[in-house]
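Residues per chain, in single letters:
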Amino acid sequence: MNNNEVSIQGWRTRGACSNTPGRFELGRHEVDDGWMSVAHNVDVETMIREEVARSFISYNKSPDLPFDRSINPYRGCEHGCIYCFARPSHAYLGLSAGLDFETRLIARSNAPDVLGRELSARSYKVAPLAIGTNTDPYQPCERDRGLTRACLEVLSAFNHPVALVTKGTLIERDIDILAPMAARGLVRVGISITTLDPDLSRRMEPRAPVPARRLAAIRRLTQAGIPVRIMIAPVVPGLTDHELEALLAAGALAGADAASWIMLRLPREVSGLWQEWLVKHVPGRAEKIMTRLREMHGGRDYDPRWGHRMRGEGRYAEMVQQRFQVGIKRLGLAAKTTPLRCDLFKKPAQAGDQLALF
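Predicted, not measured: the structure shown is a model, and the values here were computed from it. (Residues numbered from 1 in each chain as written. Predicted model: local features only at pLDDT ≥ 70, side-chain atom pairs only at ≥ 80, totals over all residues. Heavy atoms only, no water.)

**Digging into the environment of R149**
Structurally, R149 is set in helix α4 (residues 147-157). Using a relative accessible area of 21% as the deciding quantity, one classes R149 as partly exposed. When the C-alpha positions of R149 and I177 are compared, they lie 8.4 Å apart, and in sequence the two are 28 residues distant. The contacts of R149, once residues within four sequence positions are left out, are E142, R173, D174, D176 and I177. (Helix = DSSP H or I, 4+ residues; strand = E, 2+ residues; numbered from the N terminus. Buried < 20%, exposed > 50% of the residue type's maximum accessible area, 1.4 Å probe, protein only. Contact = heavy atoms within 4.5 Å.)

Next up, the structure:
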């Protein structure tokens, strides 16, 4: 057995059941010392190393996304959501999309300084910037590192519009920054909730806040005047799809003013990791879930084409969309949200700047 692989039993408090080397690794070392076949009932320590970023803002041209730029203060995510589409990005670091993604994290320690420099460039053209598009900006290590908060302070100083996506209730800590930005029309937040079942959530998202706690965060943010969207992501056919209406209702009750949904996506290594998880946690449903997913992707586990990858296609995908549309109309979540303001953007005054005469 590979020394980076484990039995299907997995690790306690982690999402992945294996740690297969990244797809760019040239070789594998075969070592079996007898420990790989036993249950993994101990925690695996989270390790964080620093990265000095040379650039920070990432740009995209995806027609599936409502933004063209984003920042991610961290690489990897300790929340450990087994379905996370970002897992394959760890292969670019020479690490596994499995356990490594949850336990071997990268903190981009100079991110706030680089962000300020890039926003100050004469060539920079303002547009809403997204945070949390690849890994969660409010995962546990943010408590000590504070990189997300520092980046928000930079964005606030520039009056730069920002959209945050998170499962992390640590976002409540930053209400003192987000509320004044919201009052200026500069911020929206998306809170992702996959299921209302705390047991299923703990198995699928082992280190993310429980669903009830995320709903409480929606309530606190909206009470502070910060607009929040409930994001039902992902919808898992045959496992969480029956909760769609209940999730929308819970989000509306908590104060959300909008909603969105995304079907489960299984790019690259995520498919294998997900199927291992199914065998361990819901073996009786594994075949049904995978059959339904393949029906939506032309017989494959995943279809990466623009316009298809987020929702799938076919009768089942259409049915979920119809249920979603009926739900948001009934709950008052269908109104178009106010666009974030870009007209307030301005480089803040620096020491030594010449004062304006008028």
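**Comments concerning the sheet that holds strand β5 (residues 104-108)**
Pairing is mixed in the open sheet, where 3 strands are placed in the order β1-β5-β4. Of all the strands in the sheet, just β1 (47-51) and β4 (74-75) have a single pairing partner and so form its edges. Sheet analysis places β4 next to β5, joined by 2 bridges and oriented antiparallel. Among the inter-strand pairings, R75 is bridged to a residue of β5, identified as I106. (Pairing = 2+ DSSP bridges.)

**Section: the state of the cysteines**
Counted under the stated rule, the structure contains 0 disulfides. No disulfide involves C84; its sulfur sits 6.4 Å from the nearest other cysteine sulfur, which is in C81. (Disulfide = S-S within 2.5 Å.)

**What about the pattern of salt bridges?**
Applying the stated criterion to the full structure yields 23 salt bridges. Taking the shortest distance from any N to any O, the salt bridge between D174 and R149 comes out at 2.8 Å. Note that D174 is positioned in the loop between β7 (162-166) and α5 (175-183) and R149 in helix α4, a separation of 25 residues in sequence. Two residues, E205 and R214, come together in a salt bridge whose shortest N-O distance is 2.7 Å. When sorted by exposure, E205 lands in the same class as R214, which is buried. Among the charged side chains, a network of salt bridges with common partners joins E142, R149, E153, R173, D174 and D176. (Salt bridge = Lys/Arg side-chain N within 4 Å of Asp/Glu carboxyl O.)

**Focus: unusual backbone geometry**
The step from A233 to P234 runs through a cis peptide bond, and the omega angle for that step is -5 degrees. Along the chain, P234 falls in strand β9 (residues 228-235). Phi at N159 is positive, roughly 55 degrees, even though this residue is not glycine. By the element assignment, N159 lies in the loop between α4 and β7. Phi at R268 takes a positive value of approximately 45 degrees, unusual for a residue other than glycine. Of the residues examined, R268 reaches a relative accessible area of 59% and is grouped as exposed.

**Some remarks on the confidence of the model for the chain**
Looking at the chain as a whole, its pLDDT mean stands at 89, while 88% of the residues score no less than 70. Between residues 29-40, whose pLDDT stays under 50, and residues either more than four places distant or in other chains, the model counts 23 contacts. (pLDDT = per-residue confidence, 0-100.)

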